[in-house]
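Chain by chain, the residues:
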Amino acid sequence: MKKVILTGDRPTGRMHLGHYFGSLKNRVKLQDEYDTYILIADVQALTDNFEHPEKIRSNIREIALDYLAAGINPDKTHILIQSKIPEIAEMTVYLSNLVTVSRLFRNPTTKAEVAQKKHIFGNEGESITYGFLGYPVSQSADLTCFDCDICPVGDDQAPHLEQAREIVRKFNSIYGPTLKEPQTVLSTTPRIKGLDGNEKMGKSLGNAIYLADDEEAITKKIMGAITDTNKIKKDDPADPEKCMVYYYHKLIDNPNLATVCQECQKGSRGCVACKKELIKVMLEFLKPIQEKRHYYEQHPELVDKILNDGTQKARKKAQEVMKRVRKNMQIDYDFIDK
Ligand code: TRP
């Protein structure tokens, strides 16, 4: 039996190169070896977007297109929509008894998000909802509903995985061995920096290249990228390590990288020419991804089917697990559950 991998994303926007190098590329590799589930976490996304359901709705399809474009193969991977698996919601309720409110407040990722909300909304940020505080519990349900063995994620998700393991241990100690403890495999790719030199590429930071960006958008973004600030004139020598354009040449594996580096150091390469070369290489890099995306955009019925099949298969698995859970929790009332 293959081991189970489960990962997921909140459908709050299209995916960018940070997602591609940070997780998608790895998922494409892992799907050959593991029984892979990728969850489109619409319920989780609603915890802090409940006033904008239209945003979540429209991004479910976008994110599915990005998965397929990046090489997720629906014959190997189940792509599932969280809200369409009510067993996850049921599991969340049972697991919520096994975690204290103070423990949830101590979750470092939740803490950071609370601080950010305060920063953005001022005092309003202090009105943390029950749903938002509890989303690591719903994430624990995501993992346990599919008997997940391994969860490959970025380091910001590690606290949720730790919390999930605690909950599983508590569950099993009370109700007997029932749930699987998911192991975290942290992404080995360092966080992808933004074109502005920011340590993180992010939607809200406005410094991202999206997998679906067209030539015009890419040109504009790359032409505005930060270069070595000590280089004033076109033929000043510069330090490629201080330049985001070089960082991206390296990231997408420009075969001409050694020349880019030497010419930059010598001062025989101006930044404009260097950016133009990056635009060209970037478009080539994105071409196969965008061709695939375009194909699926033209065949929406195929995407519907993939989401439907993935969700249904996943639901079967969750139903099996829930049966076990109800039995061990002694809530399998057979006078009703005939
Ligand atoms: N919290 C994750 C994120 O924001 C998304 C997610 C939801 C997830 N459920 C999951 C990731 C289960 C891994 C496993 O990116």
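Residues numbered from 1 in each chain as written. Predicted model: local features only at pLDDT ≥ 70, side-chain atom pairs only at ≥ 80, totals over all residues. Heavy atoms only, no water.

**Thoughts on the overall build of the protein**
Stated formally: Helix numbers and strand numbers start at the N terminus; a helix is a DSSP run of H or I with at least 4 residues, a strand a run of E with at least 2. Each residue is assigned to one of three classes by its accessible area relative to the maximum for its type, calculated with a 1.4 Å probe on protein chains only: buried under 20%, partly exposed between the two thresholds, exposed over 50%. Throughout, a contact is declared for two residues whenever any of their heavy atoms are within 4.5 Å. Per-residue and other accessible areas follow the Shrake-Rupley method at a 1.4 Å probe size, with only the shown protein chains counted as cover for residues. Note that His is not counted, nor are the chain ends; the positive residues are Lys and Arg, and the negative ones are Asp and Glu. For charged residues, the charge sits on one atom: NZ in Lys, CZ in Arg, CG in Asp, CD in Glu.
Counting its secondary structure elements, the protein contains 14 helices and 5 strands. Residues classed as buried in the protein amount to 49% of the 338 residues present. Within the protein, counting contacts between residues at least 6 apart in sequence, those at least 24 apart form 76% of the total. Carbon and sulfur atoms make up 53% of the accessible area of the protein, which amounts to about 17600 Å² in all. On the protein, the mean spot of the 50 positive side-chain charges and the mean spot of the 48 negative ones are 2 Å from each other.

**Digging into the pairing of strand β1 (residues 4-9)**
Strand residues, when the strand is regular, have side chains that alternate between the two faces of the sheet. Threshold: Here, a strand pair is defined by DSSP locating no fewer than two bridges between the strands.
Most of β1 sits out of view: 5 of its 6 residues are buried. Bridge count between β1 and strand β2 (residues 35-40): 6 bridges; the pairing is parallel. Residue pairing across strands places Asp-9 opposite Ile-40, the latter belonging to β2.

**Side note on helix α12 (residues 257-266)**
Convention followed: By construction, the arc corresponds to the directions joining the helix axis to the C-beta atoms.
For α12, every residue scored as buried is listed here: Leu-257, Val-260, Cys-261 and Cys-264. In a view along the axis of α12, the buried residues occupy a sector of 95 degrees, so they form one face of it. Opposite the buried face of α12, at more than 90 degrees from it, the exposed residues are Ala-258 and Lys-266. Where α12 is buried, its residues contact α11 (244-251) and α13 (271-298). Of the residues trailing α12, Gly-267 is marked for its positive phi of about 90 degrees.

**Examining the site of the ligand**
The cut-off we apply is this: Summary of the distance rule: residues count as near a molecule or strand when at least one heavy atom falls within 4 Å of that molecule or strand. As used in this structure description, the phrase polar contact means that two N or O atoms lie within 3.5 Å; if the pair is within protein, one of them must be able to donate a hydrogen and the other to accept it, and residues adjacent in sequence are counted only when both atoms belong to side chains. As a working rule, the residues Ala, Val, Leu, Ile, Met, Phe, Trp, Tyr, Cys and Pro are called nonpolar, Asp, Glu, Lys and Arg charged, and the rest polar, with Gly in that last group.
By nearness alone, 13 residues border the ligand, and Arg-10, Gln-44, Gln-139, Asp-142 and Gln-157 come closest of all. Contact distances for the ligand include 2.7 Å between a nitrogen atom and a side-chain N or O atom of Gln-44. The side chain of Asp-142 places a nitrogen or oxygen atom 2.7 Å from a nitrogen atom of the ligand. For the ligand, whose free accessible area comes to 370 Å², the fraction covered by protein is 91%. Broken down by secondary-structure element, the contributors of at least two residues to the shell around the ligand are β1, α8 (135-144) and β4 (150-153). A breakdown of the residues in the shell around the ligand according to their chemical character gives 6 nonpolar, 5 polar and 2 charged.

So, to be careful, I would describe these as geometric facts and stop short of saying anything about function.
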